[in-house]
Structures are given as C-alpha cells and as structure tokens.
Amino acid sequence: MAVDKVALISGASRGIGASVAKTLYEAGWKVSLGMRTPKLPDWANPARVHVMEYDAADPEAATAWAEQARAALGPITAIVANAGIMIPKNVIEAEDSDFDDMFEVNVKAPRRLAKAAWDDLIACGAGRIIVLASLSGKRVKSAGSSSYSVSKFAAVALTHGFRQVGFDHGIRATAVCPGFVATDMAVSLTGKPTTEMTQPEDLAAAIAMLLALPNTASVTEFHVNCQAEEFF
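Now for a description of the structure that goes with this document. (Residues numbered from 1 in each chain as written. Predicted model: local features only at pLDDT ≥ 70, side-chain atom pairs only at ≥ 80, totals over all residues. Heavy atoms only, no water.)

### Description of the packing of aromatic side chains
What describes a pair of aromatic rings is the distance from one ring centre to the other and the angle between the planes of the rings. For the record, the criterion: The criterion for an aromatic pair is that two Phe, Tyr or Trp rings (for Trp, the six-membered ring) have centres within 6.5 Å, with stacked assigned to planes under 30 degrees apart, edge-to-face to planes over 60 apart and tilted to the rest. By definition, any uninterrupted DSSP run of H or I lasting at least four residues is a helix, any uninterrupted run of E lasting at least two residues is a strand, and each is numbered from the N terminus. Think of it in three bands: residues with accessible area under 20% of the maximum for their type are buried, residues over 50% are exposed, and the middle band is partly exposed, with areas taken using a 1.4 Å probe on protein chains only. Both a distance and an angle decide whether a charge sits over a ring: NZ of Lys or CZ of Arg must be within 6 Å of the ring centre and within 35 degrees of the ring normal.
Applying the stated criterion to the full structure yields 3 aromatic pairs. Ring plane angle 40° and centroid distance 6.5 Å describe the contact between Trp118 and Phe162, whose orientation is recorded as tilted. Taken together, the residues span a long stretch of sequence, with Trp118 in helix α3 (residues 96–124) and Phe162 in helix α4 (residues 146–166) at a distance of 44 residues. Take Trp118 and Phe162: they sit in the same class, and that class is buried. In this structure, Arg48 is placed above the aromatic ring of Tyr25, and the distance from its NZ or CZ to the ring centre is 4.0 Å. Over the aromatic face of Phe167 sits the side chain of Arg172, whose NZ or CZ is 3.5 Å from the ring centroid.

See the structure below:
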C-alpha cells in the first residue's frame, strides 16, 4: 500500500518556505506548515494542509508540532528545515548572544525537527530531510556574513550527520545551499535586483526533485547560485 507523503516545512509563511509548501502540495503531498502566525494559504485544502504555530527558537516547539502534524495528516515522511536567521556581524563584532541566537535557529532547530520525526522517517523506509543551508555554509564571502557562515557551516555538517545516522534506514538528507534568493532577507543584504536572484519557486522545484529521488540517488549537498563564483 502506498504511503502518503507528509512534509513538515518550517518558515512556511513566506519566501522559500511558502514556495516549497505550494510546490509540494501541487505535487500531491500533504504538508504541515510551521509559522510564527499560523494562517491557511488561499490555495490550501484543509484536508491536506495543516498549519501550526512554530517558533524555531523554542526548544519544545518541534515535538509539539510533530505530534499535531502526525495526528492531522499521518506519519511524517519528510522534513524541510527552512526557518533561519542572519545577524550581519563579523566574527569579531558579534557577541556570544548573536552566535547563540543563530545556532538556536539555524542548527539546533533542524536537529530538533529531525529528532521529533525520526521514528516516522525510519518507518517509511524512505525518509527525507532537507536543510536550507546556504552558500555561506560553503565559503565565507565577506566579513559581514562571517558569523552567519559559522552557523551555516554547522548546518551543512548537521545534514551530513543526518545522512550518516539514517542512511541504513533509508533516510536521505540534503543540505540545499543557495546564494541570493529573491526574499526579504536577500533584499536587505544586497543591491542586486530581485530579477537577477534565484527565484523561490525555482528553488522549491529543485527541493521537490530532491525529495522525489529514490534511495539509490542520494544527493548530500545541492548548490544553487545566481552569479558566477570560483566554485559555486
């Protein structure tokens, strides 16, 4: 019997998360949307879309979300850990509290989500974890992004950890590492026109493709850029 595809998507109220939610929904998934202010999207059928108040900085939020999503939609087969924050300070300017805040949301929150859904991901035999990292998790592009990069390097390493722990159980994990995506965060960081950035819906299409790959086609990192760099 076919297993329903059920994804938890954090940071789903706008930008990349909202685009991933709509793309997966249109591909036949059931989706549970983690939002600071829960609101059912206008495209959503409540039978296939669950919304939940979710604060990635709250250590208890992941367990509560997974329990309610499971009750509403069934066992969880995928996690898309998209919620993230950036504090634009270099590694000298930043305070310990800045690092704590970025690690809480960018690293600890994805780990908590995966842990809360881990038994379901194993049970389905083809669990999937997508961590929205960043090209800042692959190189340090500027002084101002250096503290953020520390957290995103850790997010990429976390994804490799998921892959190692879950591989024999059919779990596949991918760190999706985009450059500038046309979102509020990117607009605040660069003068590049949004038309020249990666579009959220294009990144969402790539994530849907990664989630659909069989266990024999594992992609551990997926790099996306809107501009030419030495390696990305």
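### So, the layout of surface pockets
Let me state the cut-off plainly: We place a 1 Å grid over just the protein atoms. Points where a 1.4 Å probe fits but has no way out form a cavity, open points with protein on both sides within 12 Å along at least 5 of 7 lines form a pocket, and any residue with an atom within 4 Å of a point lines it. Grid points are joined across faces, edges and corners, and a volume is the space filled by probe spheres set on the points. Three residue categories are used. Nonpolar comprises Ala, Val, Leu, Ile, Met, Phe, Trp, Tyr, Cys and Pro, charged comprises Asp, Glu, Lys and Arg, and polar comprises the others, including Gly.
Taken as a whole, the largest pocket spans an internal volume of roughly 1200 Å³. Surrounding the largest pocket, 44 residues form its lining, Gly84, Ile85, Tyr148, Thr183 and Met185 being those nearest its centre. Broken down by secondary-structure element, the contributors of at least two residues to the lining of the largest pocket are α1 (15–26), β2 (30–35), α4 and α5 (184–187). Grouping the amino acids of the lining of the largest pocket by side-chain chemistry returns 20 nonpolar, 16 polar and 8 charged. Counted as a void, the second largest pocket has a volume near 230 Å³.

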